[in-house]
Amino acid sequence: MQTSETDQLLGATRAASRRTRSILAANSFPMILFGLLALGSAPVVEVWPGPAVVVWWLVGAPLASVATALWYRRREMEHGVAANAWPFIATAIGIIVGATALGILGRDSALGFAGPLFVIGAGYLVFARLERSVPVAAMAIGVLVCAIALAVLKPAHAYTIGVVIFGVGSVLIGLVSLARERRIDG
Amino acid sequence: MADESSHPAVELDETVHQRVRLGVLAILVEADRANFTYLRDTLGVTDGNLSAHLNVLVNAGLVQLDKRFVEGRPRTWVRATPKGRTTFRAEVEALDRLVTRYRASAKV
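Peer 1: Break down the overall build of chain B for me, citing the residues and quoting the values.
Peer 2: Scanning chain B from terminus to terminus reveals 4 helices and 3 strands. If you list the helices and strands of chain B from N to C, you get α-β-α-α-β-β-α. Principal-axis analysis of the C-alpha atoms gives chain B an extent of 60 × 25 × 20 Å. For chain B, with 108 residues in total, the buried portion stands at 32%. The contacts of chain B with a sequence gap of at least 6 include a subset with a gap of at least 24, amounting to 58%.

Written out as structure tokens, the structure reads:
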């Protein structure tokens, strides 16, 4: 076989891989939804300090997870290509269980607001690795740094500061992803 | 497996060394599964052409077919087997080595 043919074969193979990877990298819906869920929890904490925010997440996170699973299922049917869902499901369960447990166990201490944020940052780092997404990795590192800073500085309204940083970052990345998905979907 | 001094062309796999079959494996290594329509449209081939290439890959144990009805219509989903993933990676490495070797010799 001629080397130019080999080059073409490699080029065509990489193009097929790239197209598939870009379809599978779609994450606008969960990024925007969980970002809004986080932003929505800020007024809950400010208006009703106490267990209301735990209820918010215990109800909101599973509902948002089910909606996300349905969204990915619809994309799979539309495009005819799908990723292995189990690593994503395991990571999402880890985030929900870990963040809720630390939030309850660390009540009235730095662990209560910085712990869940740290778990979310670590979880998003796993998502970033699974999706090979640089923006999600950058946001995850930002959330981890923010969690550590809040634990050290213990400012007033620490929970609100943390979820606003996470929520705004998540919504912004979701909007950028949405624009890219619309371009790919034509 | 060929030794390091052998020409990279010796390592090419005749089953996989074809545009459509290599494309099918490239997609299935990225994704967990893809359906027949996605593979056909992405690779720009006809139904009959893709079917023939999928048969070759199935017979070589490189992919698995899963036929099911979705909303009353038949759908064929395709997955790479572990052997298919390994074979694909080895093929791409051999192709890369072949191109690198050619370019290096062309510079001399």
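Peer 1: Break down the pairing of strand E3 (residues 73-80) of chain B for me, citing the residues and quoting the values.
Peer 2: All names here are of chain B. Here strand E1 (residues 33-35) pairs with E3 via 2 bridges, running antiparallel. Of the residues in E3, the one forming a bridge with Asn35 is Trp77. Strand direction decides the pairing type here: strand E2 (residues 63-70) and E3, joined by 8 bridges, are antiparallel. The partner of Val63 across the bridge, within E3, is Ala80. Joining the antiparallel neighbours E2 and E3 is a turn of 2 residues, in which Glu71 adopts a positive phi near 50°.

Peer 1: Describe the packing of helix H1 (residues 19-30) of chain B against helix H2 (residues 36-43) of chain B, listing the residues and the values that go with them.
Peer 2: Residue and element names in this part refer to chain B. Packing of H1 against H2 leaves a shortest axis separation of 10 Å and a crossing angle of 125°. What the angle tells us is that H1 and H2 run oblique. Relative to H2, H1 is oriented so that their crossing is right-handed. Residues Val20, Gly23, Val24 and Ile27 of H1 touch H2, and the partners they reach there are Leu39, Thr42 and Leu43. The class makeup of the residues in the contact of H1 with H2 is 5 nonpolar, 2 polar and no charged.

Peer 1: I'd like a rundown of the environment of Ile104(A), residues and numbers included.
Peer 2: Looking at the secondary structure, you find Ile104(A) in helix H4 (residues 86-105). What makes Ile104(A) partly exposed here is the crowd of 14 C-beta atoms within 10 Å.

Peer 1: Outline the interface of chain B and chain A, listing residues and values.
Peer 2: Contacts between chain B and chain A engage 20 residues on the former and 19 residues on the latter. Counting only elements with at least two residues in the side of chain B that touches chain A, the list comes to H1, E1, H2 and helix H4 (82-107) of chain B. As defined by bridge partners, strand E1 (residues 81-82) of chain A adjoins E1(B) across 2 bridges and the pair is classed as antiparallel. Looking across to E1(B), one finds that Ala82(A) is bridged to Arg33(B).

Peer 1: I'd like to hear about the confidence of the model for chain B, residue by residue, with values.
Peer 2: Residue and element names in this part refer to chain B. Summary statistics for chain B give a mean pLDDT of 88 and a share of 91% for residues scoring 70 or more. At the low end of the mean pLDDT range in chain B sits H4, at 87; at the high end sits helix H3 (residues 47-59), at 96. For this predicted complex, the interface confidence reaches an ipTM of 0.77, while the overall pTM sits at 0.82.

Peer 1: Which residues make up the nonpolar core, and what values do they have?
Peer 2: Burial of nonpolar side chains together is a common tendency in soluble globular proteins. Ranked by size, the top nonpolar core spans 34 residues in total, and within it Val24(B), Leu25(B) and Leu28(B) carry the most contacts. Mapped onto this core, the elements with two or more residues apiece are helix H1 (3-24) and E1 of chain A together with H1, H2, H3, E3 and H4 of chain B. By residue number, the principal contributor to this core is H1(B), which donates 7 residues. Excluding its chain neighbours within four sequence positions, the residues that come into contact with Leu25(B) are Val16(B), Leu62(B), Ala80(B), Gly84(B) and Phe88(B). If you look at the next biggest cluster of nonpolar residues, it comprises 31 residues, including Ile95(A), Ala114(A), Ala147(A) and Ala158(A).

Analysis parameters
Residues numbered from 1 in each chain as written. Chains lettered and ligands numbered in written order. Predicted model: local features only at pLDDT ≥ 70, side-chain atom pairs only at ≥ 80, totals over all residues. Helix = DSSP H or I, 4+ residues; strand = E, 2+ residues; numbered from the N terminus. Buried ≥ 20, exposed ≤ 12 C-beta atoms within 10 Å, placed from the backbone. Contact = placed C-beta atoms within 7 Å. Pairing = 2+ DSSP bridges. Axes fitted to C-alpha atoms, helices over the stretch in contact; angles between N-to-C directions. Parallel < 35°, antiparallel > 145°, perpendicular 65-115°, else oblique. Left-handed = near helix turned anticlockwise from the far one by under 90°. Nonpolar A, V, L, I, M, F, W, Y, C, P; charged D, E, K, R; others polar. pLDDT = per-residue confidence, 0-100. Core = buried A, V, L, I, M, F, W, Y, C linked by C-beta atoms within 7 Å.

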